[in-house]
Amino acid sequence: MEREVAWKKYDEDALASLEALAADYIDFISLNKTERECATAAIAAAEAAGYEPLADAMAAGAPVGSGSKLWACAQGKAVILVHVGSEPLSAGLNILGAHIDSPRLDIKQNPLYETNDFALLDTHYYGGIKNYQWAALPLALHGVVATTDGTVIEVNIGDDPADPVFCVTDLLPHLGAQQMEKTGAKVVEGEDLDILIGNRPLVLAEDASGEADKDASKDAAKDPVKRMVLSVLADKYGIAEEDFLSAELEVVPAGRARDLGLDRSMVIGYGQDDRVCAYTSLVAQLALGDDVPTRAAVCVLVDKEEIGSVGATGMGSLFFENTIAEIMELAGEGGTLPLRRALARSRMLSSDVSAGFDPAYASVFEAKNSAFLGRGLVFNKYTGARGKSGSNDASAEYVAQVRRIMDDAGVSFQTAELGRVDAGGGGTIAYIPAKYGMDVIDSGVPVLSMHSPWEVTSKADIYEARRGYEAFLRA
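The present account deals with the structure reproduced in this document. It should be emphasised that the depicted structure is a prediction, and the values quoted were computed from it without experimental measurement.

## Some words on the overall build of the chain
Here is step 1 of the chain: Looking only at helices and strands, the chain features 11 helices and 22 strands.
Here is step 2 of the chain: A compact globule built from 475 residues should have a C-alpha radius of gyration of about 23 Å, and the chain, at 24 Å, falls within 12% of that.
Here is step 3 of the chain: For the C-alpha atoms alone, the extent of the chain along its principal axes is close to 80 × 60 × 45 Å.
Here is step 4 of the chain: Within the chain, the proportion of its 475 residues that are buried is 51%.
Here is step 5 of the chain: Taking the intrachain contacts of the chain between residues at least 6 apart in sequence as the baseline, contacts between residues at least 24 apart amount to 77%.
Here is step 6 of the chain: Split by element, the accessible area of the chain, about 21,600 Å² in all, is 52% carbon and sulfur.
Here is step 7 of the chain: The distance from the centre of the 42 positive side-chain charges to the centre of the 71 negative ones in the chain is 6 Å.

Written as structure tokens, this is what we have:
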């Protein structure tokens, strides 16, 4: 059952809408390269659309009813938007769930050192990456530094054209014979992913008497390049070396996402796993406007999926459950049993990307059950690895229900597995909300070069995902 290419059905109006969505999406992933930045942008968009902080409603004891629009945030890194429907919350929710973290390099707590006239930052990679892909390309530094006086300083260096950038160095091929004999996993070791950030030594100016401060000169003589870096950080951000202990700094590829292809049919950019699904889910949620859905519409954007959905901001936390419980209390439906009923009666699209079929690596795919760029939103009945290990496996009845929703809305969609049966595999957040008994299926956009610094998607699939997600919320 080969699916039709979505591009063939578009008229001029649809193409204009597709290009407008793609342009906004490119801006979103270019400006928001960390989970904190994505959460902040999502909240700003939600408030512009009339959503109010759940915390304020709780503090005021404000009643919640049909049409209420609320947002909640966990530690600045996970967001939930809820648009209450005409039916009671205990009747169930329609939920879109995506993650806003992406593979990257994290700066260690004690990272800064000098060696052989270079200043470097030590890193620990986050999520599943191929280490060698992060060498010899421009990198940016995003994140926050928290100081002991309670100040939180935002850091964003490398994405403004006027900024400097950073890099992980690589070995020249003329001296790389032994390196090239290593397996791909060992070509660049994890501990070698250090970020080059400086080469200029600190030179102290003399005072009016023509003498430099002897104590300061003695300090500068030891690790002068490192001290130059610390001087720049102190001047620009007011950051001292000790402040790295309480920092969350992420190293990401520098530069904007771009149109890809002479036909401009694709997008190349960092973090499309899974911000392509997070963005389309957010846009679909906000597209409801002031229309009151039948069932409550919920958009969940979580952190930590790339490392197992753990921690206070991952889907494995109680953030989602607690947020729904608080809203039900304000709606006069409080209590453990109504909450359990609401969650068990809910339906969810676990909005995460799928592996796009790549003809350069066709041997690891099974073509009949692969996702192809340009053929629309992808549904994965199951994921997992070898024997579906670790997978949520959606029921046949729920798959049929989702098919009907997509068909009624004229959404182009396809179904897929994650490669050949014994080739590997992976997982999503789907199995976590499924524990409540709700229906959950994985759905998303196919991606080429997944988990690389620059991933590729089709504008048609982005457009169909946004259309499919809205149709699901309205169902």
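## Thoughts on the sheet that holds strand β6 (residues 118-126)
Here is step 1 of the chain: Across the sheet, which stays open at both edges, the six strands sit in the order β8-β7-β10-β5-β6-β9 with antiparallel pairing between neighbours. Edge positions in the open sheet fall to β8 (152-157) and β9 (195-198), since each of these has one partner strand only. Between one strand and the next, the sheet's axes are offset by a mean angle of 30 degrees, whatever the strand orientation.
Here is step 2 of the chain: Two strands pair when backbone bridges link them, and strand β7 (residues 139-146) and strand β10 (residues 247-253) are joined in this way by seven bridges, in the antiparallel orientation. When the bridges of β10 are listed, L139 appears paired with P253.
Here is step 3 of the chain: Sitting on the sheet, helix α6 (residues 224-237) is in contact with β5 (104-115), β6, β8 and β9, with an inclination near 125 degrees to β5.

## Here's the deal with the side chain of D106
Here is step 1 of the chain: Residue placement: D106 occurs in strand β5.
Here is step 2 of the chain: Residue contacts for D106: discarding those within four places in its chain leaves D122, T123, H124, Y126, L249 and E250.

## Structural notes on the packing of helix α2 (residues 35-48) against helix α7 (residues 272-286)
Here is step 1 of the chain: Interhelical geometry of α2 versus α7 gives an angle of 10 degrees and a closest axis separation of 11 Å. Considering their axes alone, α2 and α7 lie roughly parallel with respect to each other. Remark: the crossing between α2 and α7 carries right-handed chirality. Mapping the contact onto sequence places E35, C38, A42, A45 and A46 in α2 and R275, L282 and L286 in α7.
Here is step 2 of the chain: Considered class by class, the residues forming the contact of α2 with α7 number six nonpolar, no polar and two charged.

The rules behind the values
- Residues numbered from 1 in each chain as written.
- Predicted model: local features only at pLDDT ≥ 70, side-chain atom pairs only at ≥ 80, totals over all residues.
- Heavy atoms only, no water.
- Helix = DSSP H or I, 4+ residues; strand = E, 2+ residues; numbered from the N terminus.
- Rg over C-alpha atoms; globule rule 2.2 N^0.38 Å.
- Buried < 20%, exposed > 50% of the residue type's maximum accessible area, 1.4 Å probe, protein only.
- Contact = heavy atoms within 4.5 Å.
- Areas by Shrake-Rupley, 256 points an atom, 1.4 Å probe, with all protein chains shown as cover.
- Lys, Arg positive; Asp, Glu negative; His and termini not counted.
- Charge placed at Lys NZ, Arg CZ, Asp CG, Glu CD.
- Pairing = 2+ DSSP bridges.
- Axes fitted to C-alpha atoms, helices over the stretch in contact; angles between N-to-C directions.
- Parallel < 35°, antiparallel > 145°, perpendicular 65-115°, else oblique.
- Left-handed = near helix turned anticlockwise from the far one by under 90°.
- Nonpolar A, V, L, I, M, F, W, Y, C, P; charged D, E, K, R; others polar.

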